[in-house]
Every structure is written in C-alpha cells, then in structure tokens.
Amino acid sequence: MEKLWAPWRRAYVRKAAKLKGCIFCRAVAPQGKDYLVFRTRHSLCLLNIYPYTNGHLMVAPVRHVKEPWNLRQKEILDLFGAMNTAAGLLRKVAKPHGFNIGMNISRTAGAGVVGHLHIHIVPRWQGDVNFMPVVNDTKVISQSLQEAHQELIRAYAKTKKRLRR
C-alpha cells in the first residue's frame, strides 16, 4: 500500500503506542476522554482513530463484554439507543447518504479490539470510493479527528438541550 505524507499524525502515534489496555474501558475512566463523543448509562460512543472514512464512530457497552449474547437486556436497549444517537449526530454533522453499521466478533471476523464488543458506524456518500483505493491502494481521509470530534460533541450538546425542553 502506498503511504501519504502526514507528519501531523506523529504526536498521536507516539501517544497511542504508550497506551495500554482496552480503548473502550480507558474511555470510561475519568482521565480517558480522548475522542469520546458521548456516554449514556450503559454505553459510550468514540471516534475511531483508524477510520475507514470521515466520522467513523464506534459504540460500545460500558461493561467489558466480548459478545452480544452476553449483554443484559438493559444494555442491549441502551447500546442500540446509543447507536441511533450516533447515526443521528453523523446525519447532522457529516450529512452522509447512508451507513455501514456492524460488529466484528472475534479476530477471525476482523475485530481489531477483540475483548470488548463494539458497533462500527461508518458514514457513506454516493461516489465516496474514488480512484485512490483502486489505483494506489490508498484511502484519503479528508477531515482531522480533532475537527470531527468537536463537530460531533457540539451536535450532541444541541441534541441534549432539545431533549431537556
């Protein structure tokens, strides 16, 4: 695969290399707010730091659970509610034409984080697959994680204000 020059990512790579443990469990910890978009009673939503496309989110249960059949009923309801909220935020902020939503259960199925169940929410746009992946085996991500994170947090805050009225 070809590589694109992106020197601004060096600071992130250095920081990520030092982190230990489960990314979802770290996000729940008081000091672990990196790219956390929102948290509910039983779920959390994070920006994927290795996105397939702009705004790629992951929704996970707060409890460290490996497989969906090990979730409690209240966690299932909360997780799917958080998934709906996350997709709604992306509709407002990124205005995609559609989504790929799914779970990879086990390393064999493609899970990058094997021990903590999570749902990928990948926004898609008509024609978003251009010549770069086909010709150069390279994917272009056109928005920084910081910018996407701030936009999603602002949209979530507006949503929460409307719900309180």
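Thresholds, definitions, all that
- Residues numbered from 1 in each chain as written.
- Predicted model: local features only at pLDDT ≥ 70, side-chain atom pairs only at ≥ 80, totals over all residues.
- Heavy atoms only, no water.
- Helix = DSSP H or I, 4+ residues; strand = E, 2+ residues; numbered from the N terminus.
- Contact = heavy atoms within 4.5 Å.
- Areas by Shrake-Rupley, 256 points an atom, 1.4 Å probe, with all protein chains shown as cover.
- Core = buried A, V, L, I, M, F, W, Y, C linked by side-chain atoms within 4.5 Å.
- Buried < 20%, exposed > 50% of the residue type's maximum accessible area, 1.4 Å probe, protein only.
- Pairing = 2+ DSSP bridges.
- pLDDT = per-residue confidence, 0-100.
- Salt bridge = Lys/Arg side-chain N within 4 Å of Asp/Glu carboxyl O.

Chemist: What exactly am I supposed to notice about the overall build of the chain here?
Modeler: The number of helices and strands found in the chain is five helices and five strands. The linear arrangement of helices and strands in the chain, starting from the amino end, is α-α-β-β-β-α-β-β-α-α. Within the chain, contacts between residues at least 6 apart in sequence are counted, and of these 61% link residues at least 24 apart. For the chain, the exposed surface amounts to about 10,400 Å²; the carbon and sulfur share of it is 57%.

Chemist: Please explain unusual backbone geometry as it appears in this structure.
Modeler: With a phi close to 50 degrees, Lys95 is a non-glycine residue in the positive phi region. Relative to the helices and strands, Lys95 is located in the loop between helix 3 (73-93) and strand 4 (98-102). A positive phi angle, close to 100 degrees, is found at Ser106, a residue other than glycine. Position of Ser106 among the secondary structure elements: in the loop between strand 4 and strand 5 (119-124).

Chemist: Mind showing me how you'd approach the nonpolar core here?
Modeler: In globular proteins that are soluble, nonpolar side chains generally tend to be buried together. Among the nonpolar cores identified, the biggest contains 23 residues, and Phe38, Leu57 and Ile121 are the most heavily contacted of them. For this core, the elements supplying multiple residues, two or more each, are strand 1 (36-39), strand 2 (43-47), strand 3 (57-61), helix 3, strand 5 and helix 5 (145-164). No other element matches the six residues that helix 3 contributes to this core.

Chemist: Explain the pairing of strand 2 here, please?
Modeler: Across the five residues that make up strand 2, a large majority, five, are buried. Side chains of strand 2 alternate between two faces, with Ser43, Cys45 and Leu47 and Leu44 and Leu46 buried alike. For strand 1 and strand 2, the ladder comprises three bridges, and the chain directions are antiparallel. The partner of Arg39 across the bridge, within strand 2, is Leu44. Hairpin geometry of strand 1 and strand 2 is characterised by an intervening segment of three residues between the two adjacent antiparallel strands. Bridging between strand 2 and strand 3 involves five bridges; their strand directions are antiparallel. Paired with Leu47 across the two strands is Leu57, which belongs to strand 3.

Chemist: Can you walk me through the environment of Glu75 in this structure?
Modeler: Among the structural elements, Glu75 can be located in helix 3. Taking relative accessible area as the criterion, Glu75 reaches 3% and is therefore assigned buried. For the pair formed by Glu75 and Arg41, sequence separation is 34 residues and the distance between their alpha carbons is 8.7 Å. Contact partners of Glu75, with chain neighbours within four places excluded, come to His42 and Arg63.

Chemist: It is not clear to me how the confidence of the model for the chain should be interpreted in this structure. Could you clarify?
Modeler: Caution applies to low-pLDDT regions: their predicted coordinates should not be interpreted in detail. When the pLDDT values of the chain are averaged, the result is 82; 75% of them are 70 or greater. Element-level mean pLDDT values for the chain span from 46 in helix 4 (residues 131-136) up to 97 in helix 3.

Chemist: In this structure, what is going on with the pattern of salt bridges? I would like to understand it.
Modeler: A side chain with one charge may pair with a side chain of the opposite charge, provided their charged atoms come close. Tallying each qualifying case throughout the model produces two salt bridges. Of the charged contacts in the structure, one is a salt bridge between Glu75 and Arg63, with a shortest N-O distance of 2.7 Å. Pair noted here: Glu75 is in helix 3 and Arg63 is in the loop between strand 3 and helix 3, with a separation of 12 residues, a long-range link. Residue Glu75 is joined to Arg72 by a salt bridge in which the shortest nitrogen-to-oxygen separation is 3.7 Å. Take Arg72: its relative accessible area is 45%, and that puts it in the partly exposed class. One connected set of salt bridges, linked through shared partners, spans Arg63, Arg72 and Glu75.

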